[in-house]
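Reading the structure
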Amino acid sequence: MEQGTIHIEQRDGCAWVTLDRPPLNLFTPALIARLTDTFAALRADDSVRVAVITGAGPHFSAGMQLQEMRDLDVSAAAALITALHDAIDAVYTAPFPTIAMVHGACLGAGFELALACDLRVLASDARLGLPEVRVGIPSVIHAALLPAIIGPTRAAEMLLTGEPINAETALAWGLANRVVEPGELRAETEQLVASILRCGPNTIRLQKELM
């Protein structure tokens, strides 16, 4: 079914959630609200056992639509940051496993969304990073998850330089679970989904809670 800028397909216990603003799937207030609403609905659906998040077109997400931020005053900027935090946190705190299926650009808020997922499957063309500092904006939301995943030294380099990393580096640093060629990304992700679905649904939700 369609929900504005997000497409949702539910099949065999898996919800496939696609950011649907190609080519870059940039975040706007509308997309942020749809993401929050989508995961609120999925959280309330006991038939959902795992969710996969991806992007339509050639990229996962290149982050925020900068035009949306250019003319914000302090109050409006705080409200936007809070809304984005709540949307990504809805993914991070989902009671079922979440998988980011990443291809192309995965930057800024898009990268923070991928960080909020439990597992990440990358296409070999993926580029991941937090380039906000290059345009005068610090990374203030789920970038806080990065040091625990790749270590404080590597996280500091990414945060302070804004330099993206490629899929091979992401795998070596423990940021990716699997890296495959772009044409194999969906099939590889489906295999990971199937591995989760073979486990008891209540046990998986309990394991997620314990994690």
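The sections below set out a description of the structure shown in this document.

What counts, and at which threshold
- Residue positions are counted from 1 within each chain, in the order its sequence is given.
- Where local features are concerned, this predicted model is filtered to residues with pLDDT of at least 70; where side-chain atom pairs are given and counted, the filter is 80 or more; whole-chain, interface and lining totals use all residues.
- Excluded from the side-chain calculations are hydrogens and water; all other atoms, namely the structure's heavy atoms, are used.
- When DSSP locates at least two bridges between a pair of strands, those strands are taken to pair.
- Helix and strand assignments follow DSSP, with helices taken as H or I runs no shorter than four residues and strands as E runs no shorter than two, numbered in order from the N terminus.
- In this description, contact between two residues means that some pair of their heavy atoms is separated by no more than 4.5 Å.
- All axes are obtained by fitting lines to C-alpha atoms, using only the stretch in contact for helices, and the reported angles, taken between N-to-C directions, cover 0 to 180 degrees.
- Here, a salt bridge means any side-chain nitrogen of Lys or Arg that lies within 4 Å of a carboxyl oxygen of Asp or Glu.
- Each angle is binned into one of four classes, with values under 35 degrees roughly parallel, values over 145 roughly antiparallel, values of 65 to 115 roughly perpendicular, and all other values oblique.
- It is the rotation of the near helix from the far one that decides the hand of a crossing: anticlockwise by less than a right angle makes it left-handed, clockwise makes it right-handed.
- In this count, Pro and Cys sit with the nonpolar residues alongside Ala, Val, Leu, Ile, Met, Phe, Trp and Tyr, while Asp, Glu, Lys and Arg are called charged and the others, Gly among them, polar.
- Whether two aromatic rings pair depends on their centres lying within 6.5 Å, for rings of Phe, Tyr and Trp, where Trp uses its six-membered ring; planes under 30 degrees apart make the pair stacked, over 60 edge-to-face, and the rest tilted.
- Here, a charge over a ring means that NZ of Lys or CZ of Arg falls within 6 Å of the ring centre while also lying within 35 degrees of the ring normal.
- Among buried residues, the Ala, Val, Leu, Ile, Met, Phe, Trp, Tyr and Cys ones that are joined through side-chain atoms within 4.5 Å form a nonpolar core.
- For every residue, the accessible area obtained with a 1.4 Å probe (protein chains only) is divided by the maximum for its type, and the residue is called buried under 20%, exposed over 50%, and partly exposed between those limits.

This paragraph deals with the sheet that holds strand 6 (residues 105–107). Pairing within the open sheet is mixed, and its three strands lie in the order 6-8-9. With one partner strand each, in any of the chains shown, strand 6 and strand 9 (165–166) form the two edges of the open sheet. In this sheet, strand 9 lies alongside strand 8 (residues 127–129) in antiparallel orientation, the contact comprising two bridges. Bridge pairing in strand 9 links Arg 127 to Asn 166. In this fold helix 3 (residues 109–116) packs onto strand 6 and strand 8, with an angle of close to 85 degrees to the strand it touches most, strand 6.

Turning our eyes to something else, we now look at the pattern of salt bridges. What the rule picks out here adds up to five salt bridges. Between Arg 134 and Glu 163 there is a salt bridge, with its nearest N and O atoms 2.8 Å apart. One end of the pair, Arg 134, is in the loop between strand 8 and helix 4 (146–150); the other, Glu 163, is in the loop between helix 5 (152–161) and strand 9, and 29 residues separate them in sequence. Taking the shortest distance from any N to any O, the salt bridge between Glu 190 and Arg 186 comes out at 3.1 Å. Of the two residues, Glu 190 and Arg 186 both sit in helix 7 (residues 185–197), four residues apart, roughly one turn of that helix.

Moving on, we come to the packing of helix 2 (residues 74–92) against helix 3. Closest axis-to-axis distance for the helix 2/helix 3 pair is 8 Å, and the angle between their directions is 30 degrees. With respect to each other, helix 2 and helix 3 are oriented roughly parallel. Note on packing geometry: the crossing formed by helix 2 with helix 3 is right-handed. Along its contact with helix 2, which presents Leu 84, Ile 88, Val 91 and Tyr 92, the element helix 3 presents Ala 109, Glu 112, Leu 113 and Ala 116. Classifying every residue of the contact of helix 2 with helix 3 gives seven nonpolar, no polar and one charged.

In this section: the environment of Leu 122. Considering the arrangement of structural elements, one finds Leu 122 in strand 7 (residues 119–123). For the pair formed by Leu 122 and Leu 146, sequence separation is 24 residues and the distance between their alpha carbons is 17 Å. Leaving out residues up to four positions away in the same chain, Leu 122 has contacts with Val 102, Leu 128, Ala 167, Ala 170, Ala 176, Arg 178, Val 179, Val 180 and Leu 185.

It is worth spelling out the packing of aromatic side chains at this point. Enumeration over the complete set of coordinates arrives at one aromatic pair. It is Arg 186 that lies over the ring of Trp 16; its NZ or CZ is 3.7 Å from the centre.

Turning our attention to the pairing of strand 2 (residues 6–11). Strand direction decides the pairing type here: strand 2 and strand 3 (residues 14–19), joined by six bridges, are antiparallel. Note on strand 3: the bridge partner recorded for Ile 6 is Leu 19.

Quick look at the nonpolar core now. If you look at the biggest cluster of nonpolar residues, it comprises 51 residues, and the most contacted ones within it are Phe 27, Phe 39, Phe 111, Leu 128, Leu 146 and Leu 175. Residues Trp 16, Ala 123, Leu 185 and Leu 192 belong to the second largest nonpolar core, which totals 15 residues.

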